[in-house]
Amino acid sequence: MITAHANADFDALAGMVAASKLYPGAVLIFPGSQEKNLRNFFIESTMYLFNFKSLKDIDPKSVELLVVVDTRQRPRIPHVGPILDNPGLRIHLYDHHPDTEDDLTAEKSVVKDWGSTTAILVDIMRGKEITLNAEEATLLGLGIYEDTGSFGFNTTTPHDFEAAGWLKAQGMDIEVISDILSNELSAQQVTHLGELLQNAHNYDIHGIDIIITELSTDSFVPDFALLVHKLMDMEHIKVAFALGRMGDRIHLVARSKNPDVNVGQICSSLGGGGHSVAASATIKDKTLAEVRDDLFALLYSQINPEIIVESLMSRPPVVIEDDKSINDALELMSRYGLKDVPVVAAGTAHCVGIMGQKTADKAVSHGLGEWDLMEYMSRKFDTVEVKTDLYRVMEVILGNRQRMLPVVDGETLVGVITRTDLMHLLIEEPARIPDSLMPERNRERNISSMVSNRLPKEMLELLRGAGELGDELGCEVYAVGGFVRDIILGSLNFDLDLVVEGDGINFAKDLVDKFGGRVKTHSKFKTAVIILDSGQRVDVATARLEYYEYPAALPTVELSSIKMDLYRRDFTVNALALRINPGRFGQLVDFFGAERDIRNRAIRVLHSLSFVEDPTRILRAIRFERRFDFQIGGQTMRLIKNAINLELFSKLSGTRIMHELQLITNEEDPLACFNRMEELGIMEAIHPQLKLGNDRIQVLSELEKVNNWYKLLYLKPEVVPWKLYFLGLAMGIKRDQITGVTRRLQLTKKEEREFLQLRDMIGDALMKLMGWREGKSRLSTLYNILHPIPVEGILFLMARSRKEHIRRNISQYLSRLRYMKIDVSGNDLRKMGIEPGPVYTTLLNKLMVAKIDGRAETREQQLLLAEQWYYQMVKNEALKSGE
């Protein structure tokens, strides 16, 4: 018997048919599916082409061999539960999913980390030279296309492409596959869509265009949400509410691309639910007209009647001029009990910034009280005109979380509105607040579908398992940082960081018990590092707040909430969290506008003293800017320059600087990072000898090219990037000065010794290569020059050389000569009667030279030469003894 998992998809169905080719005469048992198009396809086509049976048509006790495809988990094949108890049952498994505790024990198990199970079975069929007809090839192709997202999922492997290519040669019809997977509308659906279009009306509700449409039918309309989606795409609609009377119920589907209209809140009020952008409700015991009236009432209640800023602001504002010190600002705020103060250009009423009390306090604690406040004031802020309505005020203070809002009349600052002012008004009239501006709601949206589509299955199962463990332990668990950022960017990132609002160390230990692996804990920082049995690394932290005792110090850790944990991050784009507990899996937590900055491709720090507290963040800012093709924000760039002027790099340990430099050399374009560092004066700030000149920049550029070339060859050993680029950075530094650089960067004694030896080897090789002539010098000479040098040194020589023939022959050495081996060994010499000793090394080295130079390419030639050389050596020794 051949079967697959319950709720089968196309990969499961195709896998069963593929398995039938490997097990002729087997009975195929289809487990059922919830997908309508799959069920229709199966009933209309597959049932007639293949030997499918109903389970009730066979005797379960007669099954001797059970073949299961696309799963190994016993709970996923409940339909064959009785058969699994058959005595002596043999089980064969074919699957592409990761191992689980529920996996069956099998006589044969073929499991590969490919994009589809069908591709695994096709590979076996190819090996057995099994042929298919066009219908069979198309069905199998359908399984591969579906499970790889038409080769768009990150789990797709080259094997899936190869399998599809072979199926195409067997007659696979791609148009049929496209038709099945495209979700084309039926004739009835087209009719319903036409009715929605005809009944659509546009309403201007307090300045927002909203489309409301409806249809009426006595029967249920499947895929009603799909029709609304098509409607919005066709008409470029931002907000749509579709009411459908279907029998005795009213179905509402709502979609919104406008952040001011939270359709989830509206549908919730009608007994349904959903998200701010997509929601639905089913209403009983009301007519279509009654539901329509309720909908209008809810929509109008979402939008505020206008209130003018002029009636709400405080005047005249307390201000400070931009030529004052941070101490002056702190004293002023203390005197008036202010949390923020607007900064105006000296001698004017023109607002140029905002200084916050928290920033001023921190600056003073770091000894920066006498610095001009303009260096650390916030320059990125919103203002409003005196005649602006309340909605804009709420948008800035609640939506953008700007605590104080300057009010201007043209260029003149005339007043301020604080968060407290706004709260006093809204406490009296809370209905004025649009749901889209409530921070608690606005900061979270669900991206579970994005997570599911962009992560490999193994990672997705790990996240869900960690979330389930969090529920068991009664704590919230989040994936945080770059892992979440890269999900939004659509990039692969397997560096998983989890934050636990609870005991992170105990959580890590329990996670290892659940998934297997080992854990190393750090009690001081309340963190743990897990290495799972699969090799996956997981960093676990307790939600914490870090503070720095002095500039450039390591952080001191205190317990905190997820918000404060995110606030300690380096940049807004990394201050994201993803809830993974089952009840709210996939909810994105964004307190600091990270999504906005990702859309705007901007690198911003979270607070003005970020670089003072940790100057290595400057190097990370440059690395992220170049990696993602983002731009460091204007305020953030000013803070970088301030930190450099404060000479904070001199207070950093060499180990921390070297770690960041190593990460830069691992980037795809390290030269762009080094150029940016040179532009900002960072290279010289690290060490005066590291200042980049034109010669170094040219060599670094060549190093980047040869390194990329070498990586494309997939050769061993792999390059250690920092060693390669450090050769370029240290080029031209005299030997008696280079140790000053290595010791500033705190290289270990071993690293320093190996690096200095490598420089010496390169210097010797350069001298020898100057005398090497193509066509006149032997290749073996080149081999002997290069072979003792590590690969980083050889690539450096290749980058330094300006002679094309030397570069070409170095590339020949790296791609061919370096791995050349002779066909003769010491055993062969012993069989020739040669006594073991130093003579072996002499003969084998001479044979290598002969092979490289083309004088002994075969084993027979090498054996003959070895014999001749040995007897010549014996003869010479005898003559020497006779003398």
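How each quantity is defined
Residues numbered from 1 in each chain as written. Predicted model: local features only at pLDDT ≥ 70, side-chain atom pairs only at ≥ 80, totals over all residues. Heavy atoms only, no water. pLDDT = per-residue confidence, 0-100. Contact = heavy atoms within 4.5 Å. Pairing = 2+ DSSP bridges. Helix = DSSP H or I, 4+ residues; strand = E, 2+ residues; numbered from the N terminus. Patch = residues over 30% accessible without salt bridge, like charges linked within 9 Å, V, L, I, M, F, W, Y side chains within 5 Å. Areas by Shrake-Rupley, 256 points an atom, 1.4 Å probe, with all protein chains shown as cover. Salt bridge = Lys/Arg side-chain N within 4 Å of Asp/Glu carboxyl O. Lys, Arg positive; Asp, Glu negative; His and termini not counted. Charge placed at Lys NZ, Arg CZ, Asp CG, Glu CD. Buried < 20%, exposed > 50% of the residue type's maximum accessible area, 1.4 Å probe, protein only. 1 Å grid on protein atoms, 1.4 Å probe; cavity = no way out; pocket = protein on both sides within 12 Å on 5 of 7 lines; lining within 4 Å. Points joined across faces, edges and corners; volume = space filled by probe spheres on them. Nonpolar A, V, L, I, M, F, W, Y, C, P; charged D, E, K, R; others polar.

Across the protein, the average pLDDT comes to 85, with 89% of residues at or above 70. Every residue in residues 34-39 is under pLDDT 50, and counting partners more than four places away or in other chains gives 13 contacts. With pLDDT under 50 throughout, residues 428-443 is counted as low confidence; its partners more than four residues away or in other chains account for 39 contacts.

Right, let's get into the sheet that holds strand β15 (residues 351-356). Overall, mixed pairing links the three strands, which are arranged β13-β14-β15 in an open sheet. Two strands lie at the open edges of the sheet, namely β13 (320-321) and β15, each paired on one side alone. Pairing between β13 and strand β14 (residues 340-344): two bridges, direction parallel. By the bridge assignment for β14, E321 is matched with V344.

Time to look at unusual backbone geometry. Across the chain, the bulk of peptide bonds are trans and the bulk of non-glycine residues have phi less than zero. The omega torsion of the bond from R315 to P316 falls at -10 degrees, within 30 degrees of zero and hence cis. Mapping P316 onto the fold places it in the loop between α10 (288-302) and β13. Of note, the bond from K716 into P717 is cis; its omega dihedral lies within 30 degrees of zero at -5 degrees. The phi angle at D70 is positive, at roughly 70 degrees, despite the residue not being glycine. Looking at the secondary structure, you find D70 in the loop between β4 (65-69) and β5 (90-95).

A few words now on a negative patch on the surface. On the surface, D323, D328, E370 and D372 cluster together into a patch of negative charge. Examined against the element boundaries, D328 turns out to sit in helix α11 (residues 326-336). Given the relative accessible area of 37%, D328 is considered partly exposed.

With that settled, consider empty space enclosed by the protein. Using the criterion set out here, one finds three cavities of 30 Å³ or more in the structure. In this structure, the largest cavity spans a volume of roughly 60 Å³. Contributing to the lining of the largest cavity are H96, D113, W114, G115, D147, T155, K457 and E458. The class makeup of the residues in the lining of the largest cavity is one nonpolar, three polar and four charged.

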